[in-house]
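Per-entry structural report
Next come the chains, spelled out residue by residue.
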Amino acid sequence: MRDTELYQKLLGFTAPWRVTAVAVQEASRDTPLGEITVRVGWPPDVPLHCPECEAVVPGYDTRPRRWRHLNTMQWKTFIEADVPRVNCLKCGAQQIPVVWAEDGSRFTELFGAYAIQVLQAVRSKVQAQWLTALSWDQVDRVMGRAVTRGVARRSLEGLRYAGLDEKSFGKGHDYVSVLHDLEGRRVLEVVPERTREAANTLWTAIPEPQRLGLSAVAMDMWVPYLEATRVAAPQALIVHDKFHCAKELNKAVDLVRRREHRELQAQGEETLTKTRYLWLKNPLNWTDRQRERFQTLKVDALKVGRAWAIKEAFSDFWDYRYTGSARSPA
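I will try to describe carefully the structure that is included in this document. (Residues numbered from 1 in each chain as written. Predicted model: local features only at pLDDT ≥ 70, side-chain atom pairs only at ≥ 80, totals over all residues. Heavy atoms only, no water.)

**Section: helix α7 (residues 223-232)**
The complete set of buried residues in α7 reads Pro224, Tyr225, Leu226, Ala228, Thr229 and Ala232. Those residues of α7 hidden inside the fold are in contact with β8 (161-169), β9 (174-181), α5 (196-204), α6 (208-211), β11 (216-219) and β12 (237-240). (Buried < 20%, exposed > 50% of the residue type's maximum accessible area, 1.4 Å probe, protein only. Helix = DSSP H or I, 4+ residues; strand = E, 2+ residues; numbered from the N terminus. Contact = heavy atoms within 4.5 Å.)

Listed below in C-alpha cells is the structure:
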C-alpha cells in the first residue's frame, strides 16, 4: 500500500478530498521529533458548490492552509491543502469548508479533541502545553473554541435550580462571580468581580423564559447577589446552603469571643487566650488536648459558651424533613 493510500485510510477522508502526497522530514535540532506532512487536494474535475446556497459555482482561487493533526507514532503530523474558494453571484466569494477542521482553526478536529482531553486531565495550561507540544496561546485557543462549541449547543430547557457564588483566584482578593446549574452540575456563566453589576451580567446570560422557570437559587448572604436575583428571577426561592449558614454561625461565635476576650483582658484575665479554634472547630475533630482544655473552661459562665451552644444546637436543624418541625422552638 502506498503512503497516500495508507493516510487516505487512516484519516478517513471521503471523496472528493484525496491525499495526494506524503512528505517526511527527519528529526533535527529544529524538529526533534521529526515531521510528516500530508498533502490533501480537491480534484480539478469535481464541481464546486457554494457553501451558503449550495449552487454549483466556478472556482475563484485557492488558499494554502496547514493544520496540526494527531502524531503518527512519535512524529508530528500536519495536513496541508490549497483550499478552493468559489465566486458565487448570490453569496460572493466563499471558502469551501474542509471536513477535518473547523473554519479558521489551525488544528484538526481530532487533534482538538485530544488537546481537550489533555486539558481535562492536567492541572494547568502549562502542563497541557508540554504534553501537546503547543504554545500556551495555542492551548488557550483550543480551549476557547471548545467553550464556544459547548455554549452553542447547550440547552437550558428544564433548568430548575441554580447556584450563584463567588470564587477567588490569584493573589490577594480577586474574585469572579459564577452561575451554576445545580442539577446538571455545570457552569453556566463566569464574569469578573462580585458586584451587583456582575450578578446582573450573569443573569442576562440566561434567557427570560428559563429565568422565570427557576424554582430556587442557592447563594450566600451577599446582598448584591440577593438583589440581582430578586429582580431577574422574582419567583425563585432563595436558598442559603449549609456551608454558608455554618460560616455565618461561626463568624457570630468568633465575634462574641473577641468582644468577651477584650472585656476579660481589661479585667486582667486571660481565660480566652489562644482558644479561637477551640470554638470554631467541630468537637468531633478535637484533639485530646483540646478536649481537656475545653473541659477546664467554665463554658456556662461565658458569653461565647452560650453562643457556641446555640451554634451546636443548630446542627440538628439539617436533619429535619418537615417545615413544622424545623420551625418548632423545641
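**With respect to the nonpolar core**
Grouped together as the largest cluster of nonpolar side chains are 22 residues, with contacts concentrated most on Val40, Trp67 and Trp100. Going through the elements one at a time, α1 (3-11), β2 (35-41) and β6 (75-88) are the ones with two or more residues in this core. Among the elements that make up this core, the one with the highest residue count is β6 (6 residues). With near-sequence residues (within four places) excluded, tryptophan 100 lies in contact with Phe13, Trp17, Val40, Trp67, Ile79, Ala81, Thr108 and Glu109. Counting 21 residues, the second largest nonpolar core, distinct from the first, contains Leu159, Leu164, Leu202 and Ile206. (Core = buried A, V, L, I, M, F, W, Y, C linked by side-chain atoms within 4.5 Å.)

**A closer look at the packing of helix α8 (residues 242-266) against helix α11 (residues 303-314)**
It is at 8 Å that the axes of α8 and α11 come closest, and there the two elements cross at 170°. Regarding the angle of α8 to α11, the classification is roughly antiparallel. Where α8 approaches α11, its residues Leu249, Asn250, Val253, Val256, Arg257, Glu260 and Glu263 are matched on the opposing element by Lys303, Val304, Ala307, Trp308, Lys311 and Phe314. Partitioned by chemical class, the residues of the contact of α8 with α11 number 7 nonpolar, 1 polar and 5 charged. (Axes fitted to C-alpha atoms, helices over the stretch in contact; angles between N-to-C directions. Parallel < 35°, antiparallel > 145°, perpendicular 65-115°, else oblique. Nonpolar A, V, L, I, M, F, W, Y, C, P; charged D, E, K, R; others polar.)

**As for a nonpolar patch on the surface**
On the surface, Phe314, Phe317 and Tyr320 cluster together into a nonpolar patch covering about 240 Å² of accessible area. Note on placement: phenylalanine 314 falls in helix α11. Its relative accessible area of 30% is what places phenylalanine 314 among the partly exposed residues. (Patch = residues over 30% accessible without salt bridge, like charges linked within 9 Å, V, L, I, M, F, W, Y side chains within 5 Å. Areas by Shrake-Rupley, 256 points an atom, 1.4 Å probe, with all protein chains shown as cover. Salt bridge = Lys/Arg side-chain N within 4 Å of Asp/Glu carboxyl O.)

**Topic: the packing of aromatic side chains**
Applying the stated criterion across every chain yields a total of 15 aromatic pairs. Summarising the aromatic geometry, the rings of phenylalanine 317 and tryptophan 318 are spaced 5.4 Å apart at their centres and angled 80° between planes, so their arrangement reads as edge-to-face. In textbook terms, an aromatic cluster arises when at least three aromatic residues are bridged by ring pairs, as seen for Phe13, Trp17, Trp42, Trp67 and Trp100. The ring centre of tyrosine 175 lies 4.3 Å from the NZ or CZ of arginine 194, which sits over that ring. The ring of tryptophan 222 has arginine 194 sitting right over it, with the charged end atom 4.5 Å from the ring centre. (Phe/Tyr/Trp six-rings, centres within 6.5 Å; stacked < 30°, edge-to-face > 60°. Lys NZ or Arg CZ within 6 Å of the ring centre and 35° of its normal.)

**Considerations on the packing of α5 against α7**
Where α5 meets α7, the closest approach of the two axes is 8 Å, and the angle between their N-to-C directions is 35°. Once α5 is placed against α7, the crossing between them reads as right-handed. Across the interface between the two elements, Arg196, Ala199, Asn200 and Trp203 of α5 pack against Pro224, Tyr225, Glu227, Ala228, Thr229, Val231 and Ala232 of α7. Looking at side-chain class alone, the contact of α5 with α7 contains 7 nonpolar, 2 polar and 2 charged residues. (Left-handed = near helix turned anticlockwise from the far one by under 90°.)

**Considering the side chain of histidine 261**
You can see histidine 261 is positioned in helix α8. Relative accessible area serves as the criterion here: at 15%, histidine 261 is assigned to the buried category. Apart from the residues within four sequence positions on either side, histidine 261 is in contact with Glu270, Leu272 and Thr273.

**Overview of the environment of asparagine 87**
Inspection of the secondary structure puts asparagine 87 in strand β6. Asparagine 87 sits 38 residues away from histidine 49 along the chain, and the two C-alpha atoms are 9.7 Å apart. Leaving out residues up to four positions away in the same chain, asparagine 87 has contacts with Val57, Pro58, Tyr60 and Gly92.

**Some thoughts on the state of the cysteines**
Considering all chains together, one arrives at 0 disulfides under this definition. In this structure cysteine 53 is not part of a disulfide, and its nearest cysteine sulfur, from cysteine 88, lies 3.7 Å away. Accessibility expressed as a relative area gives 30% for cysteine 53, which makes it partly exposed. (Disulfide = S-S within 2.5 Å.)

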